[in-house]
Amino acid sequence: MSKTLTILGILIWFVTGCIISLFANRKTGKGISEFFIANRKINGFIAAMTYSATTYSSFMMVGLVGMVYVVGVSAFGFEITYLISTVLLLLYFAPKYWELGKRYNCITPSELLSKRYESNSLGKIVTVFSFIMLIPYMSVQFMGIGYLLEGLANIPYILGTFIALIVILTYTIWAGMRSVAWTDALQSLIMLISSILLVFFIIYVKLDGFKNFFSILETEHSDLLSASKMPYLKFIGLSVPWMFFALTNPQVSQRMFIARDKKSLKNMIIMFAIFGFLYTLIVVSLGLAAKCLFPAVSKSDTVTSVLLSHVPMLLALIVLISIVAASVSTVNSITLTLSSMFTIDFFKKSAKKNLFLAKLTIVFIAIIAYLFSLKRFDVIVELSVMSSAGLLAVAPSYIGIFWKKSTKAGAIISILAGGSVAIIMYSMGQFPLGIWPGIWTAIVSVITFIFFSLITTKPQNMIFESMKIE
Amino acid sequence: MKDNFITFKVFLPIYLFVLIIDFSIPFFLPSRVIGAYLFWILLPIITFILVIFFLERRKHFE
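All values derive from a computational prediction rather than experimental measurement. Here, residues in each chain are numbered from 1, in the same order as that chain's written sequence. Throughout, the order in which chains and ligands are written sets their labels, letters from A for the former and numbers from 1 for the latter. Since the coordinates come from a predicted model, pLDDT governs what is reported: local features require at least 70, and pairs of side-chain atoms require 80 or more to be given and counted, while whole-chain, interface and lining totals use all residues. The side-chain values count all of the structure's non-hydrogen atoms but skip hydrogen atoms and water molecules.

A.B. asks: Give a description of the overall build of chain A that names residues and reports values.
C.D. replies: Within chain A, the regular secondary structure consists of 20 helices and zero strands. Throughout, radius of gyration means the C-alpha value; the globule benchmark is 2.2 Å times the number of residues raised to the power 0.38. Its C-alpha radius of gyration of 22 Å places chain A within 12% of the 23 Å reference for a compact globule of 470 residues. Here the C-alpha coordinates of chain A stretch approximately 70 × 55 × 45 Å along the principal axes. Buried, partly exposed and exposed residues are distinguished by accessible area as a fraction of the type maximum, computed with a 1.4 Å probe on protein chains only: under 20%, between the cut-offs, and over 50%, respectively. Buried residues in chain A amount to 63% of all 470 residues. Sequence separation of at least 24 residues holds for 85% of the intrachain contacts in chain A that already meet a minimum separation of 6. Looking at charge distribution, chain A has the averaged site of its 36 positive side-chain charges lying 11 Å from that of its 18 negative ones. The helix count covers DSSP runs of H or I at least four residues long, the strand count covers runs of E at least two residues long, and both are numbered beginning at the N terminus. Residues are treated as being in contact if the distance between any of their heavy atoms lies within 4.5 Å. Neither His nor the chain ends contribute to the count of charged residues, in which Lys and Arg are positive and Asp and Glu negative. Where a charge lies is defined by one atom per residue type, namely NZ (Lys), CZ (Arg), CG (Asp) and CD (Glu).

A.B. asks: Any details on the overall build of chain B? Residues and values, ideally.
C.D. replies: Helices and strands together make up the secondary structure of chain B, namely two helices and zero strands. Put simply, chain B has 62 residues, and 47% of those count as buried. Look at the contacts in chain B between residues 6 or more apart in sequence, and 48% of them connect residues 24 or more apart.

A.B. asks: Help me get a handle on the interface of chain B and chain A, residues and values and all.
C.D. replies: Every contact between the two is made by 39 residues of chain B and, on the other side, 46 residues of chain A. Summed over both partners, the accessible area (1.4 Å probe) lost when two parts come together is defined as the buried area. Interface of chain B and chain A: buried area, both sides summed, is about 4100 Å²; carbon and sulfur atoms make up 75% of it. For glutamate 218 of chain A, the salt bridge goes to arginine 32 of chain B, with nearest N and O atoms at 3.5 Å. Nitrogen and oxygen atoms within 3.5 Å of one another constitute a polar contact, given that in protein one can donate a hydrogen and the other can accept it, and given that sequence-neighbouring residues count only through two side-chain atoms. Our count for the chain B to chain A interface comes out at five residue pairs in polar contact (both at pLDDT 80 or more). Of all the secondary-structure elements, those providing two or more residues to the side of chain B that touches chain A are α1 (8–24) and α2 (33–56) of chain B. It is α2 of chain B that contributes the most residues to the side of chain B that touches chain A, 16 residues altogether. Salt-bridge detection follows one rule: a side-chain nitrogen of Lys or Arg within 4 Å of a carboxyl oxygen of Asp or Glu.

A.B. asks: Could you give an account of the packing of helix α7 (residues 120–153) of chain A against helix α8 (residues 157–206) of chain A, naming the residues involved and the relevant values?
C.D. replies: Residues and elements named next belong to chain A. Axis definition: a line fitted to C-alpha atoms, over the contacting stretch in the case of helices. Angles run 0 to 180 degrees between N-to-C directions. It is the contact of α7 with α8, at a shortest axis distance of 8 Å, that shows an interaxial angle of 130°. Judged by the inter-axis angle, α7 sits oblique to α8. Crossing angle aside, the handedness with which α7 passes α8 is right-handed. For the pair formed by α7 and α8, the contact residues are Phe142, Met143, Ile145, Gly146, Tyr147, Leu149 and Glu150 on the first element and Tyr157, Gly160, Thr161, Ala164, Leu165 and Ile168 on the second. For classification purposes, angles smaller than 35 degrees are called roughly parallel, those larger than 145 roughly antiparallel, those between 65 and 115 roughly perpendicular, and all remaining angles oblique. Crossings are sorted by hand: turned counterclockwise from the far helix by less than a right angle, the near helix makes the crossing left-handed, and turned clockwise it makes it right-handed.

A.B. asks: Requested: an account of the nonpolar core, with residues and values cited.
C.D. replies: Ranked by internal contacts, the top residues of the largest apolar core, which has 194 residues, are Trp13 and Tyr97 of chain A together with Tyr37 and Trp40 of chain B. If sequence neighbours within four positions are ignored, tyrosine 37 of chain B has contacts with Val73, Phe76, Phe214, Leu225, Leu281, Val284, Ser285 and Leu288 of chain A together with Arg32 of chain B. In plain words, nonpolar cores are sets of buried Ala, Val, Leu, Ile, Met, Phe, Trp, Tyr and Cys residues tied together by side-chain atoms within 4.5 Å.

A.B. asks: Describe helix α6 (residues 109–117) of chain A, naming the residues involved and giving the relevant values.
C.D. replies: One turn of an α-helix holds 3.6 residues; hence residues three or four places apart share an orientation. Residue and element names in this part refer to chain A. Among the nine residues of α6, eight are classified as buried, and the element is accordingly described as predominantly covered. Within the sequence span of α6, burial applies to Pro109, Ser110, Glu111, Leu112, Leu113, Ser114, Arg116 and Tyr117. Directly beyond the C-terminal end of α6, a positive phi value near 50° is found at glutamate 118.

A.B. asks: Tell me about a nonpolar patch on the surface, residues and numbers included.
C.D. replies: Together, Ile443, Val446, Ile447, Ile450, Phe451, Leu454 and Ile455 of chain A make up an exposed nonpolar region whose accessible area comes to about 640 Å². Structurally, the position occupied by isoleucine 443 of chain A is in helix α20 (residues 437–455). Distance thresholds for patches are 9 Å for like charges and 5 Å for nonpolar side chains (Val, Leu, Ile, Met, Phe, Trp, Tyr), applied to residues having over 30% relative accessible area and no salt bridge. The Shrake-Rupley method, run with a 1.4 Å probe, gives the accessible areas here. Residue values count only the displayed protein chains as cover.

A.B. asks: Now, about the confidence of the model for chain A: what can you tell me, with residues and values included?
C.D. replies: Mean pLDDT over chain A: 89, with 94% of residues reaching 70 or higher. As a per-residue measure, pLDDT tells how confident the predictor is, with possible values from 0 to 100. For chain A, helix α17 (residues 379–390) of chain A is the element with the lowest average pLDDT, namely 73, and helix α13 (residues 262–293) of chain A is the one with the highest, namely 96.

A.B. asks: Summarise the pattern of salt bridges; cite the residues concerned and give the values.
C.D. replies: Counted under the stated rule, the structure contains eight salt bridges over all chains. One salt bridge in this structure joins glutamate 99 of chain A and lysine 262 of chain A, with 2.8 Å as the shortest N-O distance. A residue pair is termed long-range when its members are at least 10 positions apart, and glutamate 99 of chain A in helix α5 (residues 73–103) and lysine 262 of chain A in helix α13 qualify at 163 residues. Given the relative accessible area of 16%, glutamate 99 of chain A is considered buried. Linking glutamate 56 of chain B and lysine 266 of chain A is a salt bridge whose minimum nitrogen-to-oxygen distance equals 3.5 Å. Placement of glutamate 56 of chain B in helix α2 and of lysine 266 of chain A in helix α13 is noted, with the two residues assigned to different chains. Within the structure, one salt-bridge network assembled from shared partners comprises Glu99, Arg103 and Lys262 of chain A.

A.B. asks: Describe the side chain of threonine 55 of chain A, with residues and values.
C.D. replies: Among the secondary structure elements, threonine 55 of chain A is positioned in helix α3 (residues 44–55). Excluding anything up to four places from it in sequence, threonine 55 of chain A contacts Tyr82, Tyr137, Phe245, Val252 and Phe272 of chain A.

A.B. asks: Please set out the packing of aromatic side chains residue by residue, giving values where relevant.
C.D. replies: Residue and element names in this part refer to chain A. Centres within 6.5 Å make a pair out of two Phe, Tyr or Trp rings, where for Trp the six-membered ring is used; the pair is then stacked when the planes are under 30 degrees apart, edge-to-face when over 60, and tilted otherwise. All told, the structure shown has 45 aromatic pairs over all chains when counted by the stated rule. Summarising the aromatic geometry, the rings of tyrosine 56 and tyrosine 82 are spaced 6.2 Å apart at their centres and angled 90° between planes, so their arrangement reads as edge-to-face. In this pair, tyrosine 56 sits in the loop between α3 and α4 (59–71) while tyrosine 82 sits in helix α5, placing the two residues 26 residues apart along the sequence. Per residue, the accessibility class of tyrosine 56 equals that of tyrosine 82, and both read buried. Put simply, the rings of Tyr51, Tyr56, Tyr82, Trp242, Phe245, Phe272, Phe275 and Tyr279 touch in pairs and so form one group of aromatic residues. Distance and angle both matter: a charge sits over a ring if NZ of Lys or CZ of Arg is within 6 Å of the ring centre and within 35 degrees of the ring normal. One Lys or Arg, arginine 26, reaches over the ring of phenylalanine 23 and ends 6.0 Å from the middle of that ring.

A.B. asks: Report on the side chain of serine 114 of chain A, specifying residues and quantitative values.
C.D. replies: Residue and element names in this part refer to chain A. Position of serine 114 among the secondary structure elements: in helix α6. Classification of serine 114 as buried rests on a relative accessible area of 7%. Every residue in contact with serine 114, bar those within four places of it in the chain, is listed here: Ser119, Asn120, Leu122, Gly123 and Asp345.

A.B. asks: Break down unusual backbone geometry for me, citing the residues and quoting the values.
C.D. replies: Residues and elements named next belong to chain A. We note that alanine 38 has phi near 50°; this positive angle belongs to a residue other than glycine. Within the fold, alanine 38 resides in the loop between α2 (32–37) and α3. Positioned with a positive phi, asparagine 154 is a non-glycine residue whose angle comes to about 60°. Mapped onto the secondary structure, asparagine 154 falls in the loop between α7 and α8. The exposure class of asparagine 154 is exposed, given its relative accessible area of 58%.

What follows is the structure, encoded as structure tokens:
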């Protein structure tokens, strides 16, 4: 692909995002709540698009395409399990979180925990824990952009990742959540439209239509149509941490606070479900189609690059930009959310100067992730896998908000114990009984949460006393 | 908290049922397009229709 054309394409995309960001800036009022959650005034469509763009990173078009190429529809099952679980969890938890956030003026998920369990220490622990777990995940996004631009357009790795850093800082600092949400809407539309164009081109032009595509699959690659191609324990081990992603990852759970009203929240859930389903189905179909067209690709991460090298240059460029957009939209959301957590849990949200501190934190977090990516540690990929398992340790505390016997001791100990299990097992490479660390993390954090909640007493006159499960 | 989209007593059985069949049935289906592949297309469609039903029946959100 032409280097000049690629840079021109990225420039057009970046300028379009800047124009959107500029409009967002003009609409943005003053204050921390306005900066971090747009004063809870995001409409359903934008909320759905930012939720989608935050959730779906470059893993989909690069990682999942390659995974499907190797293990077939079992990778589809893992991704669909995540989607179904997320939509169902949103159906139950989103209105509750939204209402609690509004009633108790919570801006971050960790602030909600602090208020519910009446423990500032808990908020700080969750903030630091999320930071440790999410930095490798952010670095992987930078690395993905760097490798892709280097491989497809011959743009040096260090320049590619630096471009990403500039784009992320621009969109995030300019107008906070409103800018991130609006530009995310642009990114998600690019992601969906480009993937639709690509899949139709591959299947209709390269494979002579769906009928022939399915016929080749059944005759030549029927093993890819078996759910058991991926070992069952691995399937469970990958699926379970992602099933609770909507609650455990602060960058997505914070999005339950931003909707303008419950109608917007409802629309957010429906449109995210539709987006997630279409995007997943398209990406999986691309992985299967790649196997039919190019059955001998040795490295799964390069399958998308191979596909793109066989489509018209303009289409390849749009898809390339969509992959960059997917990474950028994920990283800017994580950066903004982590910044909000640090600002509120460590600096408090009253002082005016905190907006300056918030922006300074954004720069600090983004640069840390960027510097991490420059080292090109192989271990970063493993660390990012660990992060999804590690973050599972906070799930009992978030779900336990609605359990009247839950206490701060239960919450703190479950997070520390569960997180330690994930870190120790991944660092030692130990999978006791063949069961993946995410499952052990879930078991340990649930047991410790329940046990320590039952043996410790909750504070008197809790502000959330009225919260009951109906 | 009366403005829930779904109550816990309804949510939990649905959530568990959907996930149990998601984690079991596809692994017994044949290696064909109408096997696990089709199953994992239909399961979210049916689930999301159910979700939309729960979201749309509470008109007082409008």
